[in-house]
Amino acid sequence: MKHLPPETVRLLSSSQVITSVVNVVKELVENALDASASSIDVKLDNYGFDRIEVRDNGSGIKASDTPVMAVSHYTSKITSHDDLESLETYGFRGEALGSICAVSEVIITTKTAEDHISNQYTLDFKGNVISQKPSHLGQGTTVCVLKLFKNLPVRKQFYSTTKKCKEELKKVQDLLMAYGIIKPQLRITFTHNKVCFSFRIFDS
């Protein structure tokens, strides 16, 4: 992964703002799809404000990339803004994760096919790795987002009613349903407060 030049940073930075639970889920699911995942598990606790977990069986993150995997303006997908014209991925992991780190606590567990074991990384609000330990999870990446908007009480206040929370939950369900429709080979499971929602259109 390389740091993007300033002119490219200016083009991308304005688009990465996390304002809702569905924003977080969308970014993490698209990261999983970019990693060629065929299976994605999404779990929410308390409508996602206590915990959002997205686990995939994709390619994982290379050990050499983990120090900057959530640092803004680092990516392996492009080197300049000219590359945006031919980009075939959903987004940029560093931009998405960096924005999520700014409004929550983030823990990432990842393993590539070349790794002997998976490793769990705890990140700070700037996306820097502050601790690392081995894990038992298999190949792929699991992103755990805790205490969403803990430092933004005004934004969290917007979801202070049960009605607003249920509306947000419905948006997450609709989003995952849409991915299930456009990618029939993709296995998606969605759980809220340990209750599994059935929304898959296609079964293999």
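Residues numbered from 1 in each chain as written. Predicted model: local features only at pLDDT ≥ 70, side-chain atom pairs only at ≥ 80, totals over all residues. Heavy atoms only, no water.

## Things to note about the confidence of the model for the protein chain
Low-confidence regions, as indicated by low pLDDT, have predicted coordinates that should not be scrutinised in detail.
For step 1, the next point in the chain: When the pLDDT values of the protein chain are averaged, the result is 84; 78% of them are 70 or greater.
For step 2, the next point in the chain: Ignoring residues within four places in sequence, the model shows residues 7–15, a span with pLDDT below 50, making 13 contacts including any to other chains. (pLDDT = per-residue confidence, 0-100. Contact = heavy atoms within 4.5 Å.)

## A closer look at helix α2 (residues 21–34)
For step 1, the next point in the chain: Its 14 residues give α2 an end-to-end C-alpha distance of 20 Å, which sits within 8% of 20 Å, the value for a rise of 1.5 Å per residue.
For step 2, the next point in the chain: The set of residues buried in α2 consists of V21, V22, V24, V25, E27, L28, V29, E30, N31, A32 and L33.
For step 3, the next point in the chain: Directly after α2, the chain includes S36, whose backbone phi takes a positive value near 65°. (Helix = DSSP H or I, 4+ residues; strand = E, 2+ residues; numbered from the N terminus. Expected span 1.5 Å × (residues − 1). Buried < 20%, exposed > 50% of the residue type's maximum accessible area, 1.4 Å probe, protein only.)

## Structural notes on helix α5 (residues 162–182)
An α-helix turns once every 3.6 residues. As a result, residues three or four positions apart point the same way.
For step 1, the next point in the chain: The end-to-end C-alpha distance of α5 is 31 Å, a good match for the 30 Å that 21 residues give at a rise of 1.5 Å each.
For step 2, the next point in the chain: Here α5 has its buried residues at C165, E168, L169, V172, Q173, L175, L176, Y179 and G180. The arc enclosing the buried residues of α5, seen along the axis, measures out at 155°, which places them on a common side. Residues of α5 that are exposed and angled more than 90 degrees away from the buried face: K163, K166 and I182.
For step 3, the next point in the chain: Residues of α5 that are buried in the fold lie against α2, β2 (39–45), β9 (187–192) and β10 (195–197). (Arc of directions from axis to C-beta.)

## Let's talk about the nonpolar core
For step 1, the next point in the chain: Formed by 42 residues in total, the largest nonpolar core has its most connected members in V25, V29, I40, V42, L44, I52 and L148.
For step 2, the next point in the chain: If sequence neighbours within four positions are ignored, V29 has contacts with I40, V42, V54, L176 and Y179. (Core = buried A, V, L, I, M, F, W, Y, C linked by side-chain atoms within 4.5 Å.)

## Observations regarding unusual backbone geometry
For step 1, the next point in the chain: Within the chain, S36 stands out as a residue other than glycine whose phi angle is a positive 65°.
For step 2, the next point in the chain: The residue S36 is located in the loop between α2 and β2 in this model.
For step 3, the next point in the chain: Located in the positive-phi region is F149, a residue other than glycine, with phi close to 65°.

## Section: the packing of aromatic side chains
For step 1, the next point in the chain: Counting across every chain of the model gives 3 aromatic pairs.
For step 2, the next point in the chain: Judged by centre distance (6.5 Å) and plane angle (45°), the rings of F49 and F149 are tilted. Of this pair, F49 sits in the loop between β2 and β3 (51–56) while F149 is found in the loop between β8 (140–146) and α4 (153–157), placing the two residues 100 residues apart along the sequence. The residues F49 and F149 share a single accessibility class, namely buried.
For step 3, the next point in the chain: Centre to centre, the rings of F158 and Y159 are 5.0 Å apart; their planes meet at 90°, and the pair counts as edge-to-face.
For step 4, the next point in the chain: Under the relative-accessibility criterion, Y159 is labelled buried at 9%. (Phe/Tyr/Trp six-rings, centres within 6.5 Å; stacked < 30°, edge-to-face > 60°.)

## Here's the deal with the side chain of T112
For step 1, the next point in the chain: Mapping T112 onto the fold places it in the loop between β5 (105–111) and β6 (118–123).
For step 2, the next point in the chain: Every residue in contact with T112, bar those within four places of it in the chain, is listed here: S59, G60, I61, K62 and Q139.

## Thoughts on the sheet that holds β2
For step 1, the next point in the chain: Spatially, 8 strands are ordered β7-β6-β5-β8-β3-β2-β9-β10 in an open sheet, and the strand pairing comes out mixed. Bordering the open sheet on either side are β7 (129–135) and β10, each of which pairs with just one other strand. In this sheet, neighbouring strand axes are inclined to one another by 15° on average, regardless of whether the strands run parallel or antiparallel.
For step 2, the next point in the chain: Here 5 bridges tie β5 to β6, and the two strands are oriented antiparallel to one another. Bridged to T109 within β6 is Q120. (Pairing = 2+ DSSP bridges. Axes fitted to C-alpha atoms, helices over the stretch in contact; angles between N-to-C directions.)

## Topic: the packing of α2 against α5
Each pair of packed helices can be summarised by the angle the axes make with each other and by the distance between the axes.
For step 1, the next point in the chain: Where α2 contacts α5, the axes come no closer than 9 Å and their chain directions differ by 20°. The angle between the axes of α2 and α5 places the two elements in the roughly parallel class. Note that α2 runs across α5; the crossing there is right-handed. Between α2, through V21, V22, V25, K26, V29, E30 and L33, and α5, the contact on the second element is made entirely by E168, K171, V172, L175, L176 and Y179.
For step 2, the next point in the chain: In terms of residue class, the contact of α2 with α5 is built from 9 nonpolar, no polar and 4 charged. (Parallel < 35°, antiparallel > 145°, perpendicular 65-115°, else oblique. Left-handed = near helix turned anticlockwise from the far one by under 90°. Nonpolar A, V, L, I, M, F, W, Y, C, P; charged D, E, K, R; others polar.)

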